[in-house]
Amino acid sequence: MARRAVLTWVTVVVGVHFVALARVSKEVSVTWLGWALTGCGVVGLVLAMIHRSSASIAVVAGTVPGAILLAGSFWGAGRMSNRHPTIPGSARIPPELPGD
């Protein structure tokens, strides 16, 4: 069981890390992300304890959290692009002046 539970523990630790990070940053979306990852890790741990297949554990504690992180990244990037239309510190191309 111990070898099959390694992935689940990593997922739980990453999820708890996001929950703690959300408390510091006061960002609600990070809280949801953290609890979702923690939940996936706990479910994977239960699957490991009741001796389910390694493939099912990998899907619940690896593939699903990966998809959640990817979706959260796209969602967060979309929110940031709406908030900041240009990257801070990037050079803006000045508009062409008449007569140039």
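Residues numbered from 1 in each chain as written. Predicted model: local features only at pLDDT ≥ 70, side-chain atom pairs only at ≥ 80, totals over all residues. Heavy atoms only, no water.

What should I look at first to understand the overall build of the protein chain in this one?
On a plain count of helices and strands, the protein chain comes out with 3 helices and 0 strands. Moving toward the C terminus, one meets the helices and strands of the protein chain in the order α-α-α. Looking at the protein chain as a whole, 22% of its 100 residues qualify as buried. Pairs at least 24 apart in sequence give 61% of the contacts found in the protein chain among residues at least 6 apart. (Helix = DSSP H or I, 4+ residues; strand = E, 2+ residues; numbered from the N terminus. Buried < 20%, exposed > 50% of the residue type's maximum accessible area, 1.4 Å probe, protein only. Contact = heavy atoms within 4.5 Å.)

Even after reading the chapter, I still don't get the packing of helix α1 (residues 6–25) against helix α2 (residues 28–49), so can you show me in this structure?
Angle between the axes and distance between the axes are the two parameters that describe a pair of packed helices. Across the interface, α1 lies against α2 with an axial gap of 7 Å and an inter-helix angle of 160°. On the basis of their axis angle, the class for α1 and α2 is roughly antiparallel. Judged by the sense of rotation from one axis to the other, the crossing of α1 with α2 is left-handed. Residue-level contacts link T8, W9, T11, V12, V14, G15, V16, F18, V19, L21 and A22 of α1 to V30, T31, L33, G34, W35, L37, T38, C40, G41, V42, G44 and L45 of α2. In terms of residue class, the contact of α1 with α2 is made up of 15 nonpolar, 8 polar and no charged. (Axes fitted to C-alpha atoms, helices over the stretch in contact; angles between N-to-C directions. Parallel < 35°, antiparallel > 145°, perpendicular 65-115°, else oblique. Left-handed = near helix turned anticlockwise from the far one by under 90°. Nonpolar A, V, L, I, M, F, W, Y, C, P; charged D, E, K, R; others polar.)

Explanation requested: unusual backbone geometry in the structure shown.
Residues other than glycine predominantly adopt negative phi, and peptide bonds predominantly adopt the trans conformation. In this model, K26 sits at a positive phi of 55°, which is unusual for a non-glycine residue. Inspection of the secondary structure assignment puts K26 in the loop between α1 and α2.

Where do I start with a nonpolar patch on the surface in this structure?
A cluster of nonpolar side chains, V42, V46, M49 and I50, forms an exposed patch at the surface whose accessible area comes to about 330 Å². Following the sequence through the fold, V46 ends up in helix α2. On the basis of relative accessibility, which here comes to 39%, the residue V46 falls in the partly exposed class. (Patch = residues over 30% accessible without salt bridge, like charges linked within 9 Å, V, L, I, M, F, W, Y side chains within 5 Å. Areas by Shrake-Rupley, 256 points an atom, 1.4 Å probe, with all protein chains shown as cover. Salt bridge = Lys/Arg side-chain N within 4 Å of Asp/Glu carboxyl O.)

How do you make sense of the confidence of the model for the protein chain when you look at a structure like this?
The predicted coordinates ought not to be read in detail in places where the model reports low pLDDT. Chain-level pLDDT for the protein chain is 83 on average; 77% of the residues reach the 70-or-more range. For the protein chain, per-element mean pLDDT is lowest for helix α3 (residues 54–83), which scores 85, and highest for α2, which scores 93. (pLDDT = per-residue confidence, 0-100.)

Can you walk me through the side chain of T38 in this structure?
Structurally, T38 can be placed in helix α2. Once residues lying within four places of it in the same chain are set aside, the contact partners of T38 are T11, V12, G15 and V16.

Even after reading the chapter, I still don't get α2, so can you show me in this structure?
Given 3.6 residues to a turn, an α-helix orients residues that are three or four positions apart in the same direction. End to end, α2 covers 32 Å across 22 residues, agreeing with the expected 32 Å (1.5 Å per residue, within 8%). The complete set of buried residues in α2 reads V30, L33, G34, L37, T38, C40, G41, G44, L45, L47 and A48. Of the residues trailing α2, H51 is marked for its positive phi of about 60°. (Expected span 1.5 Å × (residues − 1).)

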